[in-house]
Every structure is written in structure tokens, then in C-alpha cells.
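Tertiary structure, described
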There are 2 protein chains.
Amino acid sequence: MNKEFILRLTKYKRLIHKLKSLGFERVFSNNLGDAIGVTPALVRKDFSTLHLSGNKRGGYNIDMLVEEFDVILGRNSPQNVIIVGCGRIGQALMQYPGFASDDIHLVAGFDKAPDSVNIDNPIPIFGMDKLENFVSENNIKVGIITVPGEEASSVLDKMVDTGIRGVLNFAPVELKCQKYDCDCKCVIHNVNIGLELEHLFYQVSTQDTDFSIVNDNSKK
Amino acid sequence: MNKEFILRLTKYKRLIHKLKSLGFERVFSNNLGDAIGVTPALVRKDFSTLHLSGNKRGGYNIDMLVEEFDVILGRNSPQNVIIVGCGRIGQALMQYPGFASDDIHLVAGFDKAPDSVNIDNPIPIFGMDKLENFVSENNIKVGIITVPGEEASSVLDKMVDTGIRGVLNFAPVELKCQKYDCDCKCVIHNVNIGLELEHLFYQVSTQDTDFSIVNDNSKK
DNA sequence: TAGATTGTTAATCGATTAACAATC
DNA sequence: TAGATTGTTAATCGATTAACAATC
């Protein structure tokens with residue numbers, strides 16, 4: 001429910017998998033807290049709300065954590081993703097090496113001009129007219145948008161209509177799911193690269209200053 | 001200082017520029033709140049902490065806001081960015097159309113094998129050995145990392161050494177700036193696409209459920 | 001004047017943390 | 001037993017909001 005909380009969950013899961021592969025058998029709340037940058041108390045609180053319990057002395061059992069987190073985060077269901085928009089960024093993501101290790105599978109790309117897309121892609125590229133059938137036949141729930149900003153909104157509508165429930169949007173517009181009013185049936189994460197860079201410039205420019213100074217400048 | 005606050009600032013700025021281009025002369029806190037999804041009270045609070053004042057009856061003057069936000073967000077200083085790692089994602093970003101409109105300029109790319117990078121890039125590509133001089137000569141403060149995960153950490157160190165103060169990281173590892181202990185001289189934003197997708201899968205899978213149900217399942 | 005909107009204070013809300021009893 | 005760590009409660013902290021006096 002809480003964004004920060006869910007983000008911590010995915011971090012816990014990754015960390016726990018790493019620890020398991022290192023041969024750990026138990027782990028303490030303070031180890032976990034240090035690694036993901038929170039207090040041990042919060043780790044225990046999180047685990048407590050997830051009904052994950054440890055031993056008063058021996059910490060938490062790694063095998064148990066691995067198993068439970070895989071259930072909690074739905075690792076057992078197929079993590080298939082489609083990508084709509086096969087321009088430069090779309091094609092780059094198709095080759096992105098970071099997915100395989102997370103059991104996330106990009107299974108197909110869609111483009112309004114599929115024939116003009118390079119041949120050497122690792123996944124099949126279809127025209128937009130194939131989207132609906134593909135999504136329903138393969139029960140796809142999550143998609144990536146990498147179309148130009150002007151097309152993003154209509155592409156989103158199309159995707160939501162076909163049954164997509166989660167979207168990662170790279171187009172430089174802030175998308176909101178308006179199809180179903182406030183009772184939104186689709187979760188959207190916007191990755192707005194320009195906004196991120198602006199944010200960085202701001203932070204860098206004020207790193208050593210504080211607000212009163214900034215304001216004094218603006219009034220010169 | 002607060003992440004959410006800074007994000008709102010960039011949204012205010014974009015919105016205000018849009019309103020100005022539409023011919024607006026004044027705007028009220030409730031308009032702004034509706035558009036960026038916060039309460040009017042928060043808009044007034046934000047503006048108040050920024051020492052931006054309006055008229056009790058007539059709202060806020062758009063021209064004043066445009067001017068002040070450009071100062072606050074440093075629009076007046078050059079927004080030059082370099083990119084380290086000229087693989088697929090790096091090259092895709094070089095052609096990204098969303099930057100120009102924000103006065104953000106990608107000015108150069110760096111790669112350990114610059115000769116193997118495609119010729120038709122819109123910006124010059126240099127070897128890593130040129131990084132330090134370029135950054136100091138052009139007074140670059142912000143860079144993008146698009147190298148493979150294994151190289152990200154050492155690339156970051158190199159960038160911080162040359163004087164880069166803000167980094168947008170696309171490598172699939174969570175980077176922290178450790179060079180200067182806790183007194184961190186470099187702000188880092190991690191865009192972890194795999195983590196985002198996992199997060200989405202989790203949200204989609206629990207969209208209609210609540211925690212007690214999730215937990216019951218996990219105990220089956 | 002009456003109505004509307006700001007600016008600010010105090011209240012609320014929710015997340016995080018400190019602290020400690022329970023217990024391995 | 002003594003020491004360490006969990007699980008949970010109560011305190012803290014900070015951000016957001018409601019409310020309203022000031023005033024255009």
C-alpha cells in the first residue's frame with residue numbers, strides 16, 4: 001500500500017537472495033537494516049506486518065525468508081512484460097541485461113510500423129493491431145511504454161483496454177490512468193528522465209546552501 | 001531538502017511555463033493543486049517557504065512565478081550533462097527528444113571503447129581518459145551512467161573524482177556515493193528498471209487484495 | 001460591502017524510531 | 001545464567017491538511 005514499504009520489500013527480497021547465494025543461513029534485523037539503509041526496528045516492524053517471524057536469539061532464517069518473499073512478491077507467477085514503442089529506447093530495453101536475473105521476461109514488442117524496426121531483435125515485433133489478442137492470449141499484466149510523448153496517452157488507453165494493469169512509462173509526459181475515473185484499474189510508474197535531471201540540477205545547485213540563501217538570491 | 005518537495009517544485013515550474021504559454025496571467029492555489037495533485041493549502045505552504053507571495057484576492061502572478069522558479073531551479077545556469085557508457089541505452093538517450101525542451105543539453109558521451117560506437121551520434125564520443133579534462137574544462141556538474149552493472153561503481157568513483165556532483169544511474173545496481181563517507185558530495189538517483197517492474201508486478205498482484213489476504217495465502 | 005483567496009497556525013495523520021519486556 | 005535479539009508499544013518526527021483571520 002505504501003510506496004516506500006513496497007520498495008523496501010523488493011530490496012529485502014534481492015538482498016536475501018544474495019545472502020542465500022553467499023551461504024548465509026540466518027540474518028539479523030540490524031544486518032538487513034544496515035544493508036538497505038533503514039533502522040533495525042523498521043525491518044522488524046516490516047517483517048512483523050508480513051507475519052514473518054524470527055527467533056528471539058537467532059534472527060531470521062534465510063530459507064524461510066526466500067520462500068516467503070517469493071510468495072509475497074509473486075515470483076511464482078510468470079513475470080511477462082510487453083513493450084510498446086520500438087524506437088531507440090524500446091529496442092535498447094529489449095537487450096537490457098538486467099531483466100533475466102530477475103525472472104522478468106520481455107516477450108514481445110509492438111510498434112505502429114513494425115516493419116521498419118531492425119531485424120536483429122531478440123523478441124518478436126508486432127503491429128499495434130496484434131496487441132489486444134496477444135495480451136489476452138498470453139495473459140499479460142504489465143507493459144512498458146516507449147513511444148513519443150504525443151502518442152503516450154492514446155497508447156496507454158489502448159493498453160488499459162486490453163487488460164494491462166501495470167505500466168512503466170518512459171515517454172516524457174506524466175501519465176495518469178483516467179480511463180476508470182478515480183477507481184483506477186491500472187498502476188502507472190512514470191520515469192521522466194528530463195524531470196530527474198532537473199531535480200538533480202536543483203539538488204546540486206543547493207547542495208551547500210539553504211533556503212534562506214536561495215531566497216535572498218532570488219530577491220537580490 | 002525534502003525529495004517530495006523538490007519534485008513538486010519541478011512540477012510547479014513546468015506547469016507554470018505551460019500556463020504562461022496559454023496566456024494565463026494569474027493562477028490560484030487551487031488550480032495549481034488540482035493540476036499537480038495536491039491540496040491548495042500545500043501549494044500555498046510551498047510558495048510561502050519559497051517566499052513567493054500572491055494577492056489575497058487575485059492569486060499568483062504568472063510572470064512573477066516563471067521568473068522566480070527559473071531562479072530557484074537554476075534555469076539560468078547552463079544545464080549541461082555528459083553521459084558515460086555509450087551502449088544501446090546510452091545512445092538511445094543521446095537521441096532522446098525530451099531534453100531539448102527543458103534546456104538540458106547532452107554535450108558529450110564517454111566510453112571505454114569510443115571507436116566502436118556508431119558514427120551517427122548527435123554528440124561527440126570520447127574515451128574515458130578524456131573525461132577528467134572535459135568535465136573540469138566545461139564545468140560539468142551532472143552526468144548519466146549507462147554502463148553495465150559491473151562497471152557502474154568504478155565509473156561513479158571516477159566521475160565523482162572529476163567533480164561531478166549529481167548522477168542519474170541506469171545501471172542495474174543501487175549506487176551510493178561512498179567516496180566521502182556520509183558527508184556525501186554527490187547526489188545519486190538510481191533508475192532501476194528491473195526494480196520498477198517488480199514493484200509493478202507486486203502492486204498489480206495485490207491491487208484488489210489487502211494484506212491479511214496476502215498473508216493468509218503465504219501461510220496457506 | 002460581500003465574496004474570494006492568501007498566509008499561517010494549530011491539528012492531524014502516518015511513518016519511523018526508541019525503548020524495553022519477552023525469551024531463546 | 002548472561003547476553004543478544006525479537007516483537008511490540010509508546011514516543012517522536014515531519015509532512016500534510018483544515019481552518020480561519022487578514023485583506024484585497
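Residues numbered from 1 in each chain as written. Chains lettered and ligands numbered in written order. Predicted model: local features only at pLDDT ≥ 70, side-chain atom pairs only at ≥ 80, totals over all residues. Heavy atoms only, no water.

Taken together, the contact between chain A and chain B spans 68 residues of the former and 68 residues of the latter. Together chain A and chain B conceal approximately 6,600 Å² of surface at their shared face, both sides included; 66% is due to carbon and sulfur atoms. Among the residues chain A hides against chain B, the three largest losses belong to A:E198, A:F201 and A:Y202. Together they make up 11% of the total. Residues A:E198 and B:K13 are paired through a salt bridge, measuring 2.5 Å at the closest nitrogen-oxygen approach. The interface formed by chain A and chain B contains 11 residue pairs in polar contact (both at pLDDT 80 or more). Partitioned by chemical class, the residues of the side of chain A that touches chain B number 36 nonpolar, 16 polar and 16 charged. (Contact = heavy atoms within 4.5 Å. Buried area = accessible area lost by both parts, 1.4 Å probe. Salt bridge = Lys/Arg side-chain N within 4 Å of Asp/Glu carboxyl O. Polar contact = N/O pair within 3.5 Å; in protein donor to acceptor, adjacent residues only side chain to side chain. Nonpolar A, V, L, I, M, F, W, Y, C, P; charged D, E, K, R; others polar.)

This brings us to the domain arrangement of chain A. You can read the domains of chain A as domain 1 (3-72) and domain 2 (80-196). Between the C-alpha centres of domain 1 of chain A and domain 2 of chain A the distance comes to 32 Å. (Domains from an automatic or database assignment.)

A few words on the protein's contact with DNA strand D. Taken together, 21 residues surround DNA strand D, and among them A:S29, A:R44, A:G54, A:K56 and A:Y60 come closest. The share of sugar and phosphate among atoms of DNA strand D within 4 Å of the protein is 62%. Within the side chain of A:S29, an N or O atom sits 2.6 Å from a phosphate oxygen of DNA strand D. Here a phosphate oxygen of DNA strand D and a side-chain polar atom of A:Y60 are 2.7 Å apart. Elements supplying a minimum of two residues to the surface near DNA strand D: α3 (40-49) of chain A together with α3 (40-49) of chain B. Looking at which element gives the most residues to the surface near DNA strand D, the answer is α3(B), with four residues. (Near = heavy atom within 4 Å. Helix = DSSP H or I, 4+ residues; strand = E, 2+ residues; numbered from the N terminus.)

Let us now look at the sheet that holds strand β4 (residues 105-111) of chain B. All names here are of chain B. Read across the open sheet, the six strands follow the order β5-β4-β3-β6-β7-β8; overall the sheet is parallel. Taken across any chain shown, the strands that pair with only one partner, and hence form the sheet edges, are β5 (125-127) and β8 (187-190). For this sheet, the mean inter-axis angle between neighbouring strands, taken without regard to orientation, is 25°. Of the pairings in the sheet, the one linking strand β3 (residues 80-84) to strand β6 (residues 142-145) comprises four bridges and is parallel in character. (Pairing = 2+ DSSP bridges. Axes fitted to C-alpha atoms, helices over the stretch in contact; angles between N-to-C directions.)

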